[in-house]
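Close look at the chain arrangement
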Amino acid sequence: YPGSRIDVEFIIDTKENVLVVPKTAVFTYEEGEALWVVEDGKAKIRPVKTGFENDLEVVVTGVALGDVVIINPELPGLHEGKKIQGE
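This text gives an overview of the structure that appears in the document. As a convention, each chain's residues are numbered from 1 in the sequence order in which they are written. Reporting of local features is limited, given that this is a predicted model, to residues whose pLDDT is at least 70; pairs of side-chain atoms are given and counted only at 80 or more, and all residues count toward the totals for whole chains, interfaces and linings. With hydrogens and water excluded, all non-hydrogen atoms of the structure serve as input to the side-chain values.

The rule for a salt bridge is simple: a side-chain nitrogen of Lys or Arg has to be within 4 Å of a carboxyl oxygen of Asp or Glu. Inspection of every chain in the model, using the stated rule, returns 5 salt bridges. A salt bridge links Glu53 to Lys23; its shortest N-O distance comes to 2.8 Å. You can see Glu53 sitting in strand β4 (residues 42-53) and its partner Lys23 sitting in the loop between β1 (19-22) and β2 (27-29), a full 30 residues away along the chain. A salt bridge links Arg46 to Glu39; the shortest N-O distance between them is 2.5 Å. According to the relative accessible area criterion, Glu39 is partly exposed, its value standing at 29%. One salt-bridge network, held together by shared partners, links Glu39, Lys44, Arg46 and Asp67. Where helices and strands are cited, they refer to DSSP runs of H or I of at least four residues and of E of at least two residues respectively, numbered from the N terminus. The rule is simple: take the accessible area with a 1.4 Å probe, protein chains only, and divide by the maximum for that residue type; under 20% is buried, over 50% is exposed, in between is partly exposed.

A few words on the environment of Val48. For Val48, the position within the fold is in strand β4. Relative accessible area serves as the criterion here: at 8%, Val48 is assigned to the buried category. Each C-alpha atom, one on Val48 and one on Val63, is 7.2 Å from the other, the two residues being 15 residues apart in sequence.

All right, on to the layout of surface pockets then. Regions of empty space are outlined by a rolling probe, equal in size to a water molecule, passed over the atoms. Cavities and pockets were defined on a 1 Å grid built over protein atoms only: a cavity is a set of grid points that admits a 1.4 Å probe from which the probe cannot escape, a pocket is an open set flanked by protein on both sides within 12 Å along at least five of seven lines, and lining residues are those with an atom within 4 Å of any such point. Grid points are joined across faces, edges and corners, and a volume is the space filled by probe spheres set on the points. Taken as a whole, the largest pocket spans an internal volume of roughly 210 Å³. Taken together, Asp13, Thr14, Lys15, Val18, Val20, Phe52, Glu53, Asn54, Glu57, Val58 and Val59 make up the lining of the largest pocket. Where the lining of the largest pocket is concerned, the elements lending two or more residues are β4 and β5 (57-61). Three classes are used: nonpolar for Ala, Val, Leu, Ile, Met, Phe, Trp, Tyr, Cys and Pro, charged for Asp, Glu, Lys and Arg, and polar for all others, with Gly counted as polar. Here the residues of the lining of the largest pocket are counted per class, giving 5 nonpolar, 2 polar and 4 charged.

Okay, structure coming up:
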């Protein structure tokens, strides 16, 4: 009707069984993108490929279920090999 307002959401595609991380965790690295992960108690850069995304999250490949991801890549003092507590 004239003067009415509606909100509409279109679902174009869906994916199941994918890994999703906050978009803020992904950063530009070399020729692509990466995440900081914790391996053996130390920070390590892990190159990833990104896929579908929304305003808050992005699908990534290159990490596995159970990998510990550092969601703030701009933590002060964060560098390759830094010991990480609280894994």
